[in-house]
Every structure is written in structure tokens, then in C-alpha cells.
Amino acid sequence: MNLFVGAAGGTSGLAVTAAALATALATGLGAVPLAFAGGKSRSWLGAANAVAAGLMLGASGMLFYQGSSDGSRTIVGAFLGVGTIVLASHLLRSRDHWRFESLRGAHARTAVIIVAVMTVHSAAEGVGVGVSFGGGESIGFLTALAIAIHNIPEGLAISLVLVPRGVTVGRAALWSIFSSFPQPVLALPAFLFVEAFSQALPVGLGFAGGAMVWMVCGEIVPDVLRTWRADRRGSSVPTA
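Residues numbered from 1 in each chain as written. Predicted model: local features only at pLDDT ≥ 70, side-chain atom pairs only at ≥ 80, totals over all residues. Heavy atoms only, no water.

Colleague: I'd love a proper account of a nonpolar patch on the surface, names of residues and values included.
Modeller: Taken together, the side chains of L29, V32, F36 and I152 make up a nonpolar region of the molecular surface, amounting to roughly 400 Å² of accessible area. Position of V32 relative to the elements: it lies in the loop between α1 (13-27) and α2 (45-66). Under the relative-accessibility criterion, V32 is labelled partly exposed at 40%. (Patch = residues over 30% accessible without salt bridge, like charges linked within 9 Å, V, L, I, M, F, W, Y side chains within 5 Å. Areas by Shrake-Rupley, 256 points an atom, 1.4 Å probe, with all protein chains shown as cover. Salt bridge = Lys/Arg side-chain N within 4 Å of Asp/Glu carboxyl O. Helix = DSSP H or I, 4+ residues; strand = E, 2+ residues; numbered from the N terminus. Buried < 20%, exposed > 50% of the residue type's maximum accessible area, 1.4 Å probe, protein only.)

Colleague: Describe the packing of α1 against helix α4 (residues 105-133), and please don't skip the residues or the numbers.
Modeller: Packed helix pairs are characterised by how far apart their axes lie and by the angle those axes make with each other. Packing of α1 against α4 brings their axes to within 10 Å, and their N-to-C directions diverge by 145°. The interaxial crossing formed by α1 with α4 has right-handed handedness. Between α1 and α4, the residues in contact are A15, V16, A19 and A20 and V129, G130 and F133, respectively. (Axes fitted to C-alpha atoms, helices over the stretch in contact; angles between N-to-C directions. Left-handed = near helix turned anticlockwise from the far one by under 90°. Contact = heavy atoms within 4.5 Å.)

Colleague: Quick one: what's the story with the layout of surface pockets, residue by residue and with numbers?
Modeller: Here the largest pocket defines a volume of roughly 280 Å³. In this structure, the largest pocket is lined by 16 residues; those nearest its centre are Q66, G128, T143, I147 and L205. Among the elements of the structure, α2, α4, α5 (137-162) and α8 (194-235) are those that each provide at least two residues to the lining of the largest pocket. Residues that form the lining of the largest pocket fall into these classes: 9 nonpolar, 6 polar and 1 charged. (1 Å grid on protein atoms, 1.4 Å probe; cavity = no way out; pocket = protein on both sides within 12 Å on 5 of 7 lines; lining within 4 Å. Points joined across faces, edges and corners; volume = space filled by probe spheres on them. Nonpolar A, V, L, I, M, F, W, Y, C, P; charged D, E, K, R; others polar.)

Colleague: So what's going on with the nonpolar core? Residues and values would help.
Modeller: Formed by 38 residues in total, the largest nonpolar core has its most connected members in M56, F100, I114, V117, L162 and M215. Those elements giving two or more residues to this core turn out to be α2, α4, α5 and α8. The element contributing the most residues to this core is α4, with 11 residues. When residues no more than four places from it in sequence are discounted, the contact partners of L162 are F100, A111, I114, V167, A172 and W175. One finds V129, F133, L188 and F191 within the second-largest nonpolar core, a separate group that totals 10 residues. (Core = buried A, V, L, I, M, F, W, Y, C linked by side-chain atoms within 4.5 Å.)

Colleague: Which residues make up the packing of α4 against α5, and what values go with them?
Modeller: One way to put it is that α4 packs onto α5 with a least axis distance of 9 Å and a crossing angle of 175°. Considering the angle they form, α4 stands roughly antiparallel to α5. Considering only residue class, the contact of α4 with α5 consists of 12 nonpolar, 8 polar and 3 charged. (Parallel < 35°, antiparallel > 145°, perpendicular 65-115°, else oblique.)

Colleague: Account for the packing of aromatic side chains, naming residues and giving values.
Modeller: Here the structure, examined in full by the defined rule, presents 2 aromatic pairs. With a centroid separation of 5.0 Å and 80° between ring planes, the pair formed by F133 and F141 is classed as edge-to-face. On the basis of relative accessible area, F133 is assigned to the buried category, the value being 0%. Classification of F141 as partly exposed rests on a relative accessible area of 39%. Seen from their ring centres, W175 and F178 are 5.4 Å apart, and the 85° between their planes marks the pair as edge-to-face. Here the residue W175 and the residue F178 both occupy positions in helix α6 (residues 169-179), the gap between them amounting to 3 residues, near one helical turn. (Phe/Tyr/Trp six-rings, centres within 6.5 Å; stacked < 30°, edge-to-face > 60°.)

Laid out in C-alpha cells, this is it:
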């Protein structure tokens, strides 16, 4: 099969890969607003975490909705996603000197988990792009455009977790793009083997959605509450 000429319905594998690559690059745009945020103080860490949690819950809701046509597989995928991320988090917590970029300890662990969760999530989107191209170029490019637009707030969610903890905006943008790397990698195989990948897609959607929900409930929301309590204690101290 000549990937550069055409595979199915006149669609070329090169077009599928290029479209999926564009969706991955769009994720980096999410870091742009933080270039104008003015600083990395913990004073806005809680608010940034809260916004990131909302964006991630919205994304996971979309994943569950997309997988609702095969609810049983989506539910199985969700439980697998939660179980996998809980296990990964436990293994990360067992390391005393975890590092990520310039971060150490709990901040580093949170950063690693958010990038890992969003990378898992993007795998399902990459399969979705490839499967959609199996129905024709118009459907495929429309799906890729929708995912690219959807990826921008996901990049923002990643950056909102990383930047307030000390990662530079540029590095946060690169990590955001990295988290979407599975999209161009998996889009072409999914396009070439549409039927097989379409059967597995609901499990992947549920897996990614469950992983993100756990990330919000198990990591980000507790961090929001800790920051809020710390701010309240700080504000209760009289100033001279």
C-alpha cells in the first residue's frame, strides 16, 4: 500500500499523519496565555489548579460522551484507566527524590502524573483521528480540526499545572506538545486498520477519561484545597 498516494477512499496516509501532527502542535498554543500572566508565584497556584481541573473534567466528559455508543466497553476502559493511574501514582509516591524539570518532591510527582495522564488521553484522540479518516477526507479533516481546537485548552490545563510550580512557559508548551505525541503516531495505524481500532476506541476513550477524572480528584483538587487553606492561614496573620 502506497501511503503517499492513497489508502482508502483516495485519502493518503501522509494527509492523515499531517492532520494528526497539526492537532498535536495545537496543544502547545495552550501555554501562550501564561506568557502574559506575569510570574510564577504560588499566589495563583490554587486558581490555576482550579481552572486546570475544570478543563480536564470537561475533556473527560467529552471522552465519555464519544464512547457512549458502546457504554460497556467505555466503562471497562474507565476502570482500567483509574486502576492504572492509581498504581502509577503509588509507584511514584514510593520514590523519595522524584524530579521533573526544576521541580522536586510532590510538585515533581504532580507534574509527571499530569503529563502522563494527558499523554494517555491523547492516544485515544489519535485513534479517533485515524478512524475518522476511514470515512473519508472531509470527515477526517473536520475531526482533526475539532480535536486541534480541543487540544488548546488541554495544553492550557497542563501549563496551568506546570508553570505555577516553576516550569518555564516555553518548556510547558513543549511538554504540552509532547503529551499529544501519540496522536500522529497512532492516527496512521488506526486509519490503515479502521475496523480493528474502531472496536478498541471506546475502551481507549474510557481509559483516558477515567485517568483524567482520577487525576483531578486525586491530585489537583487536594492541591487546590491545600493552597486555599495555606492562603487562609496566611491572610489570618495580622500585618504591620
